[in-house]
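# Close look at the chain arrangement
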Amino acid sequence: MVVVGSGGGPDETNLSGYLIKPYEAAWDDGIIALEAGTLPPISRTYQLLTRSRYTEGSGYGALRHIMKCNPNIFGERPPEEDPASFTPLTVYSNVKCFLLTHAHLDHIGSLVMAAGTLGGSRKRIYGSPQTLRDLETVFSGRVWPKLATYDEDNPSFRLVYHALHADGKYSVIFPNISVRVMTISHGNNDSGPYDGSCFFVRHDPTRHEFIFFGDVEPDSVAVQPNNITVWRAAAPKIPHDLSTIFIECSYQAGRPDDVLWGHLSPDHLVQELITLATEVVIARNSKSRTGLRPRKRQRKNSMPPEALYGALEGLKVYIMHCKDMFLTERPINHVIGDQCRERLVPHKLGVELLTADQGMNIVI
């Protein structure tokens, strides 16, 4: 995975965008774009006002800056190749599909802006039916030209919608890669609960997978709690088949529940991980009792804290989508990461909590 952007706004130069491929494949063989939020252009005015690290001049996109800082982030290029021939446009021409958790602008902005100039083969846009319906309102001919279709046989469109249903099944989206989508809650709007998605992304040859959450609120405040369903699906697989989770933690500690706006803060993230640890222990206990007389599912509140010690050993959790209000000297995701780690210590779950930093190369 290459992290093109991992922030949650309002800094438009660092929004959700991740490029992934199977480890054994080359980047030139094809890429999955997981989210598409980071905007390519950066204005000179923005650079001057914020003294941004993007100081090379106007028009430098996030990926171009990353590639300039680390020319080999996509692997060493052939020595005879002209360096000028391998650009962000080259990378995005190798994208075979987009995988979107929901259609808020900080998750689709770069896809929309670049839709008319994407090179390479036709590209599918995968998402829940609701995500695609929302995206259709953007590619409507009014907000933006109509550049995507459901018609697989219409060659005049380079982007093709393909719905993923939360039916418990894995769908192949790329050679050796399958995805299961699950519904999560991202707060409420005037129409009621706003559903987003999380993905179980599986490498089919090894059956190893990771979870990637879209924007999500804690079950403790959700009108329709869905995270528990995700944790129960994940628990039997941790850590041997599932050892990495990407999950948002948008706000610093202390933010009141009524202004979370469908997001997590450190205290809520820790509580979600405690719930996951509880489900892992229940799953392991159930497995060890195979062949014995079944017993009632243990209530979460009845499990003593020490029973969870080490339950998440071998699991890495990357936090992302941290909202930078430009009030801290250190990167906001590092501040929030420290707050999460501090609150995790007493629980001794054994989880390794990390931050997804822009420009990072992650082997899952």
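What you see is a predicted model, and the numbers here were worked out from it, not measured in a lab.

Turning next to the overall build of the chain. Across its full length, the chain holds eight helices and 14 strands. A principal-axis box enclosing the C-alpha atoms of the chain has dimensions of 65 × 50 × 50 Å. Counting across all 364 residues of the chain, residues that qualify as buried make up 51%. If you take every contact in the chain between residues at least 6 apart in sequence, the share linking residues at least 24 apart comes to 65%.

Relative orientation of the contacting elements helix 6 (residues 227-234) and helix 7 (residues 266-288) amounts to 40 degrees, with a least axis distance of 9 Å. Between helix 6 and helix 7, the angle is such that the two are oblique. Like other packed secondary-structure pairs, helix 6 and helix 7 cross with a definite hand, here right-handed. Contact residues: helix 6 offers Asn 227, Ile 228, Trp 231 and Arg 232, while helix 7 offers Glu 272, Thr 275, Leu 276 and Glu 279. Split by residue class, the contact of helix 6 with helix 7 holds three nonpolar, two polar and three charged.

This next bit is on the sheet that holds strand 14 (residues 352-355). Taken together, seven strands build an open sheet; the order of strands is 8-9-10-11-12-13-14 and the sheet is mixed. Unpaired on one side and paired on the other, strand 8 (171-174) and strand 14 mark the two borders of the sheet. Taking the axes of each pair of neighbouring strands and ignoring which way they run, one obtains an average angle of 30 degrees across the sheet. As defined by bridge partners, strand 9 (residues 177-189) adjoins strand 10 (residues 192-203) across 11 bridges and the pair is classed as antiparallel. Counted as the bridge partner of Val 181 is Phe 199 from strand 10.

This part covers empty space enclosed by the protein. Remark: the empty space left among the atoms is shown by a probe the size of a water molecule rolled over them. Per the counting criterion, the structure on display carries two cavities of 30 Å³ or more. By volume, the largest cavity is sized at about 60 Å³. Taken together, Val 4, Gly 17, Tyr 18, Leu 19, Ala 33, Glu 35, Ala 36, Thr 38, Tyr 92 and Ser 110 form the lining of the largest cavity. The leading source of residues in the lining of the largest cavity is strand 2 (residues 15-20), at three residues. Approximately 40 Å³ is the volume found for the second largest cavity. Contributing to the lining of the second largest cavity are Ser 16, Tyr 18, Glu 35, His 107, Phe 212, Phe 213, Gly 214, Asp 215, Glu 248, Met 320 and His 321. In the lining of the second largest cavity, the residues fall into four nonpolar, four polar and three charged.

For the rest of this paragraph, the subject is the sheet that holds strand 4 (residues 95-99). Strand pairing in a sheet relies on backbone hydrogen bonds, with the paired strands running either antiparallel or parallel. Spatially, the seven strands line up as an open sheet ordered 1-2-3-4-5-7-6, and their pairing is mixed. Every other strand in the sheet has two partners, leaving strand 1 (2-8) and strand 6 (148-149) as the edge strands with one partner each. As judged from the three bridges shared by strand 2 and strand 3 (residues 31-34), these two strands associate in the antiparallel manner. The partner of Ile 20 across the bridge, within strand 3, is Ile 32. Helix 4 (residues 105-114) rests against strand 1, strand 2, strand 4, strand 5 (123-127) and strand 7 (159-163) of the sheet, and its axis sits at about 60 degrees to strand 2.

About the thresholds
Sequence positions are assigned chain by chain, starting from 1 and proceeding in written order. Side-chain atom pairs in this predicted model are given and counted only at pLDDT of 80 or more, local residue features only at pLDDT of at least 70, and totals for whole chains, interfaces and linings cover all residues. Note that the side-chain values use all heavy atoms of the structure and ignore hydrogens as well as water. By definition, any uninterrupted DSSP run of H or I lasting at least four residues is a helix, any uninterrupted run of E lasting at least two residues is a strand, and each is numbered from the N terminus. Only protein chains enter the calculation, and the probe is 1.4 Å; a residue is then buried if its accessible area is under 20% of its type maximum, exposed if over 50%, and partly exposed in between. By definition, residues are in contact when any of their heavy atoms lie within 4.5 Å. A fitted line through C-alpha atoms serves as each axis, taken over the contacting stretch for helices, and the angle formed by two N-to-C directions is quoted from 0 to 180°. Throughout, the term roughly parallel applies to angles under 35 degrees, roughly antiparallel to angles over 145, roughly perpendicular to angles from 65 to 115, and oblique to all others. Left-handed describes a crossing whose near helix is turned anticlockwise from the far helix by less than a right angle; the clockwise case is right-handed. Classification used: nonpolar for Ala, Val, Leu, Ile, Met, Phe, Trp, Tyr, Cys and Pro, charged for Asp, Glu, Lys and Arg, polar for all others including Gly. Criterion used throughout: strands pair if DSSP finds at least two bridges between them. Definitions used for this entry: grid spacing 1 Å over protein atoms alone; cavity, a set of points where a 1.4 Å probe fits but cannot get out; pocket, an open set with protein on both sides within 12 Å along at least 5 of 7 lines; lining residue, one with an atom within 4 Å of a point. Grid points are joined across faces, edges and corners, and a volume is the space filled by probe spheres set on the points.

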